[in-house]
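Chain by chain, the residues run as shown.
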Amino acid sequence: MNLAIALWLSQDAVTNGAIYALIALALVVVFTVTRVIFVPQGEFISYAALSLATLQSGKVPGTIYVLIGGGIIVAVLDGLAALRRRSLKSLPESTLLNIALPLAIAAAARWSASRPDDLLLQVVVTIAIVMPLGPMLYRLAFQPLANASVLVLLVIAVAAHYVLTGLGLVFFGGEGLRARMFPALQFQVGVLTISGQSIGVIVTALVLIVLLALVFGRTTYGKALRATAINRVGARLVGISSEFSGRLSFALAALIGAVSGILVAPITTIYYDTGFMISLKGFVGAIIGGMTSYPLAALGSLAVGFLESYSSFWASAFKESIVFTLIIPVLLWRSLATRRSEEEDDS
Amino acid sequence: MMRRALVLAALALLAAAPLVLPQFQVTLLNYIGLASIVTLGLVLLTGIGGLISFGQAAFVGVGAYATAVLTTKVGMSPWLTLPAGLAVTLVVSLFLGFITLRLSGHYLPLGTIAWGIAIYFVFGNLDFLGKYSGLAGIPPLTVLGWRLGDERAFYYLIWAITLLALLVTRNLLDSRNGRAIRALRNRGMMAENFGVDTARLKIIIFVYAALLAAVSGWLYAHLLRFVSPQPFGINDSIDYQFMAVIGGATELWGAVIGAALLTLLKAWLRDLLPRLMEQSGNFEIIVFGLLVIVMLHRTRDGLVPYFARLIPTPAQRLPKKVPPLPPRTQPKRDESLLQLKGVSKSFGALAAVKSLSFDMRSGEILGLIGPNGAGKSTVFNLMTGVLAADAGEICFRGKRVDNLPGRDIARCGLARTYQHVHLVPSMSVLDNAAIGAHLRGREGVLSASLRLDRAEEARLRQEAACRLDWVGLGAHLFEAAGTLPLGSQRMVEIARALCADPLLLLLDEPAAGLRYLEKQTLAKLLFSLRERGVSILLVEHDMEFVMGLVDRIVVMNFGEKLAEGSPREIQSSPEVIEAYLGSVE
Amino acid sequence: MNMLEARGFGVSYGKVSVVRDAHLQISAGQIVAVIGPNGAGKTSLLSALIGLASAHGSIVYEGGNVADLSVEARVRRGMCLVPERRELFGDMPVEDNLRLGAFSRPRRGGEAAEDLAAVYARFPQLRERRAQLARTLSGGERQMLALGRALMARPKLLMLDEPSLGLAPRIVRDIFHVIADLRRTGVSILLVEQNARAALQIADYGYVLEMGEIVLEGPAAEVAANPRVINTYLGLAARAQ
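Definitions and cut-offs
Residues numbered from 1 in each chain as written. Chains lettered and ligands numbered in written order. Predicted model: local features only at pLDDT ≥ 70, side-chain atom pairs only at ≥ 80, totals over all residues. Heavy atoms only, no water. Helix = DSSP H or I, 4+ residues; strand = E, 2+ residues; numbered from the N terminus. Buried < 20%, exposed > 50% of the residue type's maximum accessible area, 1.4 Å probe, protein only. Contact = heavy atoms within 4.5 Å. Areas by Shrake-Rupley, 256 points an atom, 1.4 Å probe, with all protein chains shown as cover. Lys, Arg positive; Asp, Glu negative; His and termini not counted. Charge placed at Lys NZ, Arg CZ, Asp CG, Glu CD. Buried area = accessible area lost by both parts, 1.4 Å probe. Nonpolar A, V, L, I, M, F, W, Y, C, P; charged D, E, K, R; others polar. Salt bridge = Lys/Arg side-chain N within 4 Å of Asp/Glu carboxyl O. Polar contact = N/O pair within 3.5 Å; in protein donor to acceptor, adjacent residues only side chain to side chain. Phe/Tyr/Trp six-rings, centres within 6.5 Å; stacked < 30°, edge-to-face > 60°. Lys NZ or Arg CZ within 6 Å of the ring centre and 35° of its normal. Pairing = 2+ DSSP bridges. Axes fitted to C-alpha atoms, helices over the stretch in contact; angles between N-to-C directions. Domains from an automatic or database assignment.

Enquirer: What is the right way to read the overall build of chain B from this model?
Expert: Across its full length, chain B holds 22 helices and 14 strands. Projected onto the principal axes, the alpha-carbon positions of chain B cover approximately 90 × 55 × 45 Å. Across the 585 residues of chain B, 59% fall into the buried class. Contacts in chain B between residues at least 24 apart in sequence constitute 76% of all its contacts with a sequence separation of at least 6. Approximately 23000 Å² of chain B is accessible, and the part contributed by carbon and sulfur atoms is 61%. Averaged over its 56 positive side-chain charges, chain B has a centre that lies 7 Å from the centre of its 45 negative ones.

Here is the structure:
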C-alpha cells in the first residue's frame with residue numbers, strides 16, 4: 001500500500017463513515033425516545049435511493065403507493081378510534097395529513113418525473129415521499145404497543161423490516177438502480193483526487209448533525225424529545241405525549257434515512273435490501289455508543305467506515321465479516337466494564 | 001387420562017403420517033421437525049427466559065457445515081461429526097453469551113445479528129467450505145446398519161429427536177433450575193437473592209438453544225446431503241424467532257405449532273405470491289411481518305393458548321410423603337449476628353443512608369422504623385446485595401458480606417421479602433415458594449433433563465407445600481400466584497423466604513395490605529419462628545403491629561439512625577415523636 | 001362547585017384490585033387530604049386520576065368526564081400531578097425542567113417568562129441552581145423543582161403525592177406553607193400524605209383510605225379528631241403523650 005492508496009481508502013472511509021454516523025444518530029434518537037431498536041431504518045435508505053433513481057429515469061417511484069396505502073390505513077384506524085370515542089373532531093386533520101398530503105406528494109412526484117434533469121426537485125420530492133413514512137410506521141406498528149418491553153418492540157421492528165423490505169421488492173423488483181452523480185466536481189490535493197460527491201456527503205452529514213444538535217439543544221420540541229428520552233413518565237406529566245414524541249422521532253429518523261439514501265444513491269448500486277446492510281453498519285456504530293451516546297455513536301461509525309474501507313483492500317471477501325465482528329470486542333469491553341448485570345426491563 | 005389419550009393419538013398420527021402421505025408432504029413434515037428443534041430452543045430462550053437471539057440460523061449452519069466438512073473432506077463418521085459440531089457451537093455460544101448476557105437485554109439480539117451476518121459471509125467466502133456454491137456429497141446417515149437414504153426413513157429420525165428435545169426441555173423446566181429460569185424474565189433480582197446465579201443460567205439457556213440449533217443443522221446436512229450458505233442467513237434466523245413468537249411460550253409445544261404454521265405458510269406463499277406478482281422473490285416476508293405485528297398487537301402469548309384450551313390440564317397432586325430437608329443449625333441465642341458499621345449510600349446528590357450503624361443479636365426480632373423515604377428499604381437492599389454500599393461494612397456472623405453478590409449473601413442464611421411483591425405471576429404458588437429452597441437442592445441442569453433429580457425435587461416441593469400451609473395458603477398451592485389477592489401474595493413471599501430456612505429473615509412491610517385477623521396470624525407465625533431460633537429484622541409502618549412484636553427498635557430518619565431501644569423507650573422519645581409527626585407549626 | 005368528582009372509581013393491575021368503588025370529591029379552591037397506611041392504594045389512586053394507570057368508573061373534572069382522556073389531555077385541561085418519585089428530567093438543567101413544565105400551555109408572549117420568575121421568587125434556591133443538572137439537586141430541592149415544574153403549567157387541580165417524603169422537617173414546613181399559599185391563589189389541591197397530622201392541619205376535607213377502600217371521610221378537623229384515626233395514624237403521639 002502506498003500513500004495514494006491509503007489516502008484514497010481514507011477518503012472512502014470518511015465518506016461511508018459519515019453516512020453510517022447519520023444513521024447511527026437516527027438509531028440513537030429513536031431508541032432513546034421510544035426504546036425501539038429501529039431495524040427498519042435501512043428501508044428508508046433503500047426507498048429514498050431507489051425513488052431518486054426512478055425519478056431520474058422519468059418514472060413515478062412505487063414508494064408513492066406505499067405512502068398512499070399507509071396513509072389510507074392510518075386514516076381508517078384513526079376514524080375507527082374516533083368513532084369509538086364518539087368524537088369526530090380529529091377527523092379533518094387526520095384526513096388532511098394521511099390522505100390529502102400523500103396525494104399531493106404523488107402529484108409532485110408525477111411532475112418531477114416529467115423533469116428528469118431537475119435534481120433539486122427530485123431530492124425534495126424524494127424526501128417528501130420518505131419522511132412521512134416514519135410517523136406512519138410509528139402509528140401503525142409501534143404506537144399501540146408503546147408500553148411493551150424493549151424486546152417485544154424489537155420483534156415488531158424486525159417484522160416491520162420484513163414488511164417494508166418485501167414492499168420494496170414489490171415496487172422496485174430485484175434489479176439494482178444507481179442514481180446519476182451530482183454535479184461532477186473534482187479537486188486535486190497532492191496525490192489525492194477528492195471527488196465532489198465525497199465532499200457533498202461529508203458536508204451534508206456535518207450540516208445535518210449540527211442542525212440536530214441545535215434542534216435538541218435549543219428548541220422546545222427538541223427538548224421535549226430529550227425529556228421523553230430521559231424520563232417518559234415525567235414527560236407525560238408535563239403534557240408531552242408519547243405519541244407525539246414517537247412520531248416526531250420517527251419523522252427525524254425517516255428524514256435522516258432519506259438524506260442518507262440520496263447521498264449513497266450515486267455512489268453504489270442500490271437494491272431493495274441494500275439499505276438494511278448499510279443500516280446494520282450504522283447499528284455497529286450505535287452499539288459502540290451504547291445506543292445512547294451521540295458523540296460515541298458518531299465516532300464508532302467513522303471507525304466502522306475505516307475498518308470497512310481498509311479491510312476491503314486487504315481481504316475484500318471478508319469485508320462484511322470483519323466489520324460485523326468489530327462489535328465483539330466492543331461488547332466484550334462493555335461487558336467487562338459492567339460490574340453487575342444490568343436491570344432487566346419489565347414487560 | 002384424557003390428556004394421555006390425546007398425546008398417544010398425536011403420536012400415532014405422527015408415526016402413521018409418512019406411510020400415508022405423499023412424498024411432498026413428508027418433506028414438509030421433515031422441515032417442520034427441523035424447524036421445531038431450533039424453535040424449541042427459542043421458546044425456552046425468548047418465551048420463558050426473555051432473551052432474544054437472531055443468530056440461530058448461524059448455529060444451524062455451524063452444525064451443518066461441521067458435518068459436511070468432516071464427512072466429505074476427512075471421511076469422519078456422521079456420528080462423530082455431531083459432537084464436533086456441538087463442540088464448536090458450545091464454544092461460540094459460550095463466548096457470545098459471556099460477552100452479551102451481562103449487558104442489558106438488547107445486546108444479545110444485536111450481538112447475534114452481527115455474529116449471524118459475519119458467519120454467513122465466512123461460509124460464503126471460504127474455499128474449503130465451497131464458497132457460495134456449497135458442499136455436496138455428504139453421506140447419508142445409518143442407524144444400526146439401516147441406511148436412512150430417503151425422506152420417509154429420515155422422517156422418523158427427525159421426529160424422534162424433536163420429541164426427545166421436547167421431553168428433555170420439559171424435564172429441565174420442571175426442576176429446581178427450571179423455576180429459576182422462569183424467574184429470569186422479570187424477577188432476576190429476586191432469583192439472585194435466593195441464591196440463583198442468573199448470569200450463568202442465562203448463558204446455559206442460550207447455549208442450550210444454540211446446541212439444539214446445531215443438532216437441527218446436522219440433521220439438515222444429512223437429509224439434503226448438500227449444504228450452502230443460503231439457509232443460514234439473517235432472514236432464516238428471523239424466521240425462527242418469528243416461529244417462536246407465533247407459537248408462543250406458554251407451552252413448549254408452541255414451538256411445533258409455530259414451526260408448522262410458518263413452514264406451511266412459506267411453502268404455500270412461495271408458490272402463490274411470485275405468480276401473483278409476476279416476478280420471483282421472497283414476497284412471503286411481507287405476510288410474515290404483518291402476521292407478527294398483528295399478532296403482537298393482540299396477544300403476547302402466541303397461538304398456543306387457543307390450542308391449549310382444547311386440552312384438559314392434568315390434575316396437580318402433592319408429592320408423596322418424603323423425608324424433609326435437613327434444617328440449618330441456628331446459632332446459639334444472643335450471639336452477635338449482624339453488624340452494620342458506618343454504612344452509607346447515595347443516589348447522585350441524594351444521600352439515602354448516612355453512616356448507619358447498628359447491631360443485631362441472634363434470636364432477636366428487631367424493628368426498623370422511620371418515615372417513608374428514611375432509607376429503610378435501601379438498607380435492606382444493601383444488606384442483600386441488590387445495591388452496593390458507598391462506604392462502611394456489613395458483617396453477618398463476623399463475615400463481611402457487603403462486597404458479596406446477592407446469591408452468596410443468601411448462602412450465608414439471609415432471606416428476604418420485598419416491599420413490592422416479587423413473584424412470578426404465571427407460575428404456581430407452590431413453584432414460587434419452592435424458589436426459596438433453591439440453595440437447599442444440588443441437582444443441576446443435566447440431571448434434571450434426564451429426570452435424575454426426582455427424589456430431591458419431591459423434598460423441595462414438600463418443603464414449599466409445608467411452608468405455604470404454615471402461612472395459611474395450603475389450599476391454593478396450584479393456583480397461578482398472580483391471581484391471588486395482594487395480601488396473600490405477601491404471604492407467599494414469606495413462605496418463599498421460609499423455604500430458604502434462613503438464620504435471619506428480612507421482612508419489608510409484611511403487614512401492609514393485611515386485614516386485622518391476618519396480621520394476628522402473621523404475628524403468631526413470627527413468634528413461633530423466633531421460638532425456633534430464627535432472627536427477624538422487619539421494616540413496618542403499622543406501629544401497633546411493630547410495638548407488640550419486636551424486642552428492639554431502630555428508628556431511621558433521613559438515612560441516619562435517630563434512636564435505638566425497646567418499644568417503650570422509643571415511644572417516649574421526644575426526638576422520635578418530632579421526626580415522625582413533623583408538625584407544620 | 002366541584003372541581004373533581006370520581007364515582008365508582010376503581011384501579012386494578014391484572015387481576016389484583018388495589019382501589020375499589022371509591023367516591024371522591026374536591027370542591028374548587030379546597031385542599032383535600034387522602035391519608036392511609038402504605039400499600040392502601042393512595043399512589044394508585046392518583047396515578048389513575050391523572051391517567052397513568054387505567055381505571056374504571058367516572059372522573060368528572062370541571063363538569064366533563066375525563067376518564068377516557070390521555071394523561072396529556074388531562075394536563076392540558078389543568079390537572080397536574082407531582083408524583084412520589086418526582087420524575088424530573090435528571091440530565092437537564094433546572095431551568096429547562098421548569099420551562100418544559102409549561103409545555104402543555106399555548107406558548108404566548110411573556111407568560112412563560114412571568115411564570116418562571118414567579119417560581120424563582122417562590123423558590124430562590126432554584127434560581128441559584130438554574131444551570132445545574134436536576135439530578136445533582138438535594139432531596140428538598142428536587143421536591144421544589146417538581147412543585148415548580150407543576151406550577152409552570154398553571155394547574156387548576158394540583159395533585160401531590162407524598163410531598164414530605166424524605167424531607168427534613170424545616171423543608172416539609174416550607175413545602176406545606178407553599179401548598180397552603182397556593183390555595184389562596186385559587187388552586188384546588190388533592191394531597192396524599194403519610195404524614196397524616198401535617199396533611200390534616202392544612203386540609204379542608206379528609207379521606208382515609210385503607211386496603212383500597214375509603215373507610216372514613218369528613219371535614220379535616222373531624223377526621224383528625226376521630227379516635228380511630230388518632231389511634232392508627234397519629235398513634236405514636238397519642239400514646240406517648
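Next comes the rest of the account.
Enquirer: Sorry, what's going on with the interface of chain B and chain C here?
Expert: In many analyses, interface size is given as the accessible surface area lost on bringing the parts together. At the interface, 32 residues of chain B touch 27 residues of chain C. Carbon and sulfur atoms make up 61% of the area that chain B and chain C hide from each other, which totals about 2600 Å². Those elements that place two or more of their residues in the side of chain B that touches chain C are α18 (486–499), α20 (543–549) and α22 (574–581) of chain B. Tallying contributions element by element places α22 of chain B first for the side of chain B that touches chain C, with five residues. Per-class residue counts for the side of chain B that touches chain C are 15 nonpolar, twelve polar and five charged.

Enquirer: Hey, could you run me through the pattern of salt bridges in this one?
Expert: Side chains that carry opposite charge are capable of pairing whenever their charged atoms lie near each other. Here the structure, examined in full by the defined rule, presents 51 salt bridges over all chains. Ionic pairing is found between D431 of chain B and R461 of chain B, a salt bridge with its closest N-O pair at 3.3 Å. Taken together, the residues span a long stretch of sequence, with D431 of chain B in helix α15 (residues 429–435) and R461 of chain B in helix α17 (residues 454–470) at a distance of 30 residues. Linking E213 of chain C and R20 of chain C is a salt bridge whose minimum nitrogen-to-oxygen distance equals 3.0 Å. Residue E213 of chain C is located in strand β10 (residues 213–219), and its partner R20 of chain C is located in strand β2 (residues 16–27); the two are separated by 193 residues in the primary sequence. One network of salt bridges, with partners in common, ties together R179, R182, D431, E457 and R461 of chain B.

Enquirer: Can you help me understand the side chain of E509 of chain B in this one?
Expert: Note that E509 of chain B resides in the loop between β11 (504–508) and α19 (516–531). This buried residue, E509 of chain B, is left without a salt bridge; K376 of chain B holds the nearest opposite charge, at 5.5 Å. With near-sequence residues (within four places) excluded, E509 of chain B lies in contact with Q419, R490, V539, E540 and H541 of chain B together with N38 of chain C.

Enquirer: Help me out: how do you make sense of the interface of chain A and chain B in this one?
Expert: On the side of chain B, 57 residues touch chain A, which itself brings 56 residues to the contact. In total, about 4800 Å² of surface goes out of reach between chain A and chain B, with carbon and sulfur atoms giving 71% of it. Counting across the chain A and chain B interface gives seven residue pairs in polar contact (both at pLDDT 80 or more). Those elements that provide at least two residues to the side of chain A that touches chain B are α6 (133–142), α7 (150–172), α12 (274–288), α14 (319–325) and α15 (327–337) of chain A. Looking at the side of chain A that touches chain B element by element, the count peaks at 17 residues for α7 of chain A.

Enquirer: I keep staring at the packing of aromatic side chains and nothing clicks. Help me out?
Expert: Following the criterion strictly, the structure yields 24 aromatic pairs over all chains and no others. Where F59 of chain B meets W115 of chain B, the ring centres are 5.2 Å apart and the plane angle is 40°; that geometry is what we call tilted. In this pair, F59 of chain B sits in helix α3 (residues 56–74) while W115 of chain B sits in helix α5 (residues 107–125), placing the two residues 56 residues apart along the sequence. Aromatic rings pair up to connect F38, F44, Y138, F142 and F250 of chain A into one cluster. When the ring centre of F89 of chain C is taken as origin, the NZ or CZ atom of R149 of chain C, which lies over that ring, is 4.9 Å away.

Enquirer: Before we go on, may I ask you to explain the sheet that holds strand β4 (residues 55–61) of chain C in this structure?
Expert: Within a sheet, neighbouring strands are paired by backbone hydrogen bonds and run either parallel or antiparallel to one another. All names here are of chain C. Spatial strand order, β2-β1-β4-β5: four strands in an open sheet with antiparallel pairing. Either end of the sheet is taken by a strand with one partner, and the two such strands are β2 and β5 (64–65). As paired strands, strand β1 (residues 2–13) and β2 are joined by eight bridges and run antiparallel to one another. The partner of E5 across the bridge, within β2, is Q25. Each of β1, β2 and β4 touches helix α1 (residues 42–50); the most contacted strand, β1, lies at about 115° to it.

Enquirer: Explain the domain arrangement of chain B to me, please; I cannot follow it from the model alone.
Expert: All names here are of chain B. Domain annotation of chain B identifies domain 1 (23–308), domain 2 (334–413 + 502–585) and domain 3 (429–499). In this structure, domain 1 and domain 3 have C-alpha centres spaced 32 Å apart. Three residues, R176, R179 and F194, lead the burial of domain 1 against domain 3; their summed loss comes to 45% of the area buried on that side. Here domain 1 is connected to domain 3 by five salt bridges. One salt bridge connects R451 with D174, and the closest N-O pair in it is separated by 3.1 Å. At the surface where domain 1 touches domain 3, the tally comes to eight residue pairs in polar contact (both at pLDDT 80 or more). Mapped by element, the contributors of at least two residues to the side of domain 1 that touches domain 3 are α6 (151–173) and α7 (176–193). Ranked by the residues each element gives to the side of domain 1 that touches domain 3, the list is headed by α7, at seven residues. Here the side of domain 1 that touches domain 3 is built from residues that sort into eight nonpolar, four polar and five charged.

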